[in-house]
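# Summary of the model geometry
Each chain is listed here by its residues.
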Amino acid sequence: MNLKPILKLLPIGLVIAGGLSLMYLLLMEGRGANVSLRIPIPENSAKHPQEASSFVGELITSNGQPSTISGEWPGFRGPNLNGIIAVDLPGPLNRQWEVHQPKVLWDIELGEGYAGAAVANGRVYVLDYD
């Protein structure tokens with residue numbers, strides 16, 4: 001069976017099918033859409049007064065010394081957005097944490113926020129909420 005004549009007609013068939021689909025969409029426009037323009041005006045504002053917010057944020061700071069390890073982690077997944085740190089560490093990377101757990105130098109309890117930590121100039125910055 002010779003497919004060359006069929007393959008020559010295929011682009012024409014695709015154009016016809018696309019045109020028919022577009023025509024159908026244009027003819028059906030507005031059938032199910034009962035949309036009206038709504039402009040915010042004072043009469044449409046909320047009928048109930050807004051309660052005053054009692055939320056007060058708290059800045060937690062530390063008097064610790066910045067780290068001397070070079071490198072920055074400016075945001076989610078690091079400087080190249082690939083989750084890889086590319087600095088010279090002061091020693092080899094520990095690959096057996098179950099056996100040789102690192103010494104905890106500091107910690108802070110955080111809420112359930114989803115922000116990642118950022119590191120700059122030897123300090124760690126975290127935005128979170130309680």
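Residues numbered from 1 in each chain as written. Predicted model: local features only at pLDDT ≥ 70, side-chain atom pairs only at ≥ 80, totals over all residues. Heavy atoms only, no water.

A few words now on the overall build of the protein. Looking only at helices and strands, the protein features 1 helix and 2 strands. Counting helices and strands in the order they occur from the N terminus, the protein gives α-β-β. Taken over 130 residues, the protein has a buried fraction of 2%. Considering only intrachain contacts with a sequence separation of at least 6, the fraction spanning at least 24 residues in the protein is 36%. In the form shown here, the protein has an accessible surface area of approximately 13,200 Å², with 60% of it arising from carbon and sulfur atoms. (Helix = DSSP H or I, 4+ residues; strand = E, 2+ residues; numbered from the N terminus. Buried < 20%, exposed > 50% of the residue type's maximum accessible area, 1.4 Å probe, protein only. Contact = heavy atoms within 4.5 Å. Areas by Shrake-Rupley, 256 points an atom, 1.4 Å probe, with all protein chains shown as cover.)

Let us now look at the layout of surface pockets. Computed from the structure, the largest pocket encloses a volume of approximately 2,100 Å³. In this structure, the largest pocket is lined by 46 residues; those nearest its centre are W106, I108, V124, Y125 and V126. A per-element tally of the lining of the largest pocket places strand 2 (residues 123-125) first, with 3 residues. Residues belonging to the lining of the largest pocket are distributed by class as follows: 26 nonpolar, 12 polar and 8 charged. (1 Å grid on protein atoms, 1.4 Å probe; cavity = no way out; pocket = protein on both sides within 12 Å on 5 of 7 lines; lining within 4 Å. Points joined across faces, edges and corners; volume = space filled by probe spheres on them. Nonpolar A, V, L, I, M, F, W, Y, C, P; charged D, E, K, R; others polar.)

The subject of this paragraph is the confidence of the model for the protein. Taken as a whole, the protein shows an average pLDDT of 76; of its residues, 76% reach a score of 70 or greater. When mean pLDDT is taken per element in the protein, strand 1 (residues 118-120) scores highest with 87 and helix 1 (residues 4-28) scores lowest with 82. (pLDDT = per-residue confidence, 0-100.)

Looking now at unusual backbone geometry. Located in the positive-phi region is R77, a residue other than glycine, with phi close to 65°. Mapping R77 onto the fold places it in the loop between helix 1 and strand 1. Positive phi, close to 55°, is recorded for N121, a residue that is not glycine. Note that N121 resides in the loop between strand 1 and strand 2.

Side chains of I60, L105, W106, I108, L110, V124 and V126 sit close together on the surface and give an oily, nonpolar patch of about 740 Å² of accessible area. Topologically, V124 is positioned in strand 2. (Patch = residues over 30% accessible without salt bridge, like charges linked within 9 Å, V, L, I, M, F, W, Y side chains within 5 Å. Salt bridge = Lys/Arg side-chain N within 4 Å of Asp/Glu carboxyl O.)

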